[in-house]
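Chain by chain, the residues:
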Amino acid sequence: MNNENPSAKLGGRWLTAAAGLLTCIALPGQAAELTSNFTAGVGWSDNITRTRGNEIDETMALAGAQINYTTDKPDLFADAQINANYVTYLDNTVGDEFLGGAVITGEYFFSPEVFSWILDYNFGQQVFNPLQPARPGNRENVSYFTTGPRLTIPLSSRWFAGADATSSNVTYANRPNNNNRGAATVRYGRTMTDNRSI
């Protein structure tokens, strides 16, 4: 049986993109906290497709990595969490899969507390057919990327006003629902403490 899985290939590409974003965020000279761990293992299921009849045995091999990165400087905030697992089905009854996710948030301040550029990236899996259980062949990779400028204008020592403009891209591995989005918001609030506002 052909075990090529386009969704797995797309997952690998998005993991590479997430790692690239993480590399760009981790600027030289910036104090940061980076932790990682790697796993490998094997597993077995007596009903890999989770059906009531015609159960299929399958043996799996898994390799994974988890990376957490954070930095908080006057001109840069970044937080990244990547959990990636590649599953190979050794009996070739179903195609190989990329499972896991990435959540990356960053904000670079051109002028501290006044003008910045934000970035949000989310990657994970969704069930393709909600009427069927989550199983190989019924999962697809979905990614959501948002970026844009943020302006905050101090009106006094406590009060502020601001505006955001963002552009977003949503990509589905299987469904023809890819789309681009744009949004603009205005903000008005009061700083309660150094770390909280309303």
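Residues numbered from 1 in each chain as written. Predicted model: local features only at pLDDT ≥ 70, side-chain atom pairs only at ≥ 80, totals over all residues. Heavy atoms only, no water.

**A word on the pattern of salt bridges**
Now for step 1: Taken as a whole, this structure holds five salt bridges when the rule is applied.
Now for step 2: Arg150 is paired through a salt bridge with Glu107; the nearest N and O atoms lie 3.7 Å apart. Of the two residues, Arg150 is situated in strand E6 (residues 139-154) and Glu107 in strand E4 (residues 97-111); the sequence distance between them amounts to 43 residues.
Now for step 3: Across the pair Arg187 and Asp164 runs a salt bridge whose closest N-O atoms are separated by 3.2 Å. Linking Arg187 in strand E8 (residues 179-190) with Asp164 in strand E7 (residues 159-172), this pair joins segments that are 23 residues apart in sequence.
Now for step 4: When salt bridges with common partners are traced through the structure, they connect Glu107, Arg150, Asp164 and Arg187 into a single cluster. (Salt bridge = Lys/Arg side-chain N within 4 Å of Asp/Glu carboxyl O. Helix = DSSP H or I, 4+ residues; strand = E, 2+ residues; numbered from the N terminus.)

**What to know about the sheet that holds strand E5 (residues 115-127)**
Adjacent strands of a sheet form backbone hydrogen bonds with each other and so pair up, either parallel or antiparallel.
Now for step 1: If you walk across this open sheet you meet the eight strands as E1-E2-E3-E4-E5-E6-E7-E8, and the pairing is antiparallel. If you trace the sheet from one side to the other, it starts and ends with strand E1 (33-45) and E8, each paired once. Mean inter-strand twist for the sheet, computed between neighbouring axes without regard to direction, equals 15°.
Now for step 2: For strand E2 (residues 58-73) and strand E3 (residues 76-89), the ladder comprises 14 bridges, and the chain directions are antiparallel. Looking at the pairing, Ala61 lines up with Thr88 of E3. (Pairing = 2+ DSSP bridges. Axes fitted to C-alpha atoms, helices over the stretch in contact; angles between N-to-C directions.)

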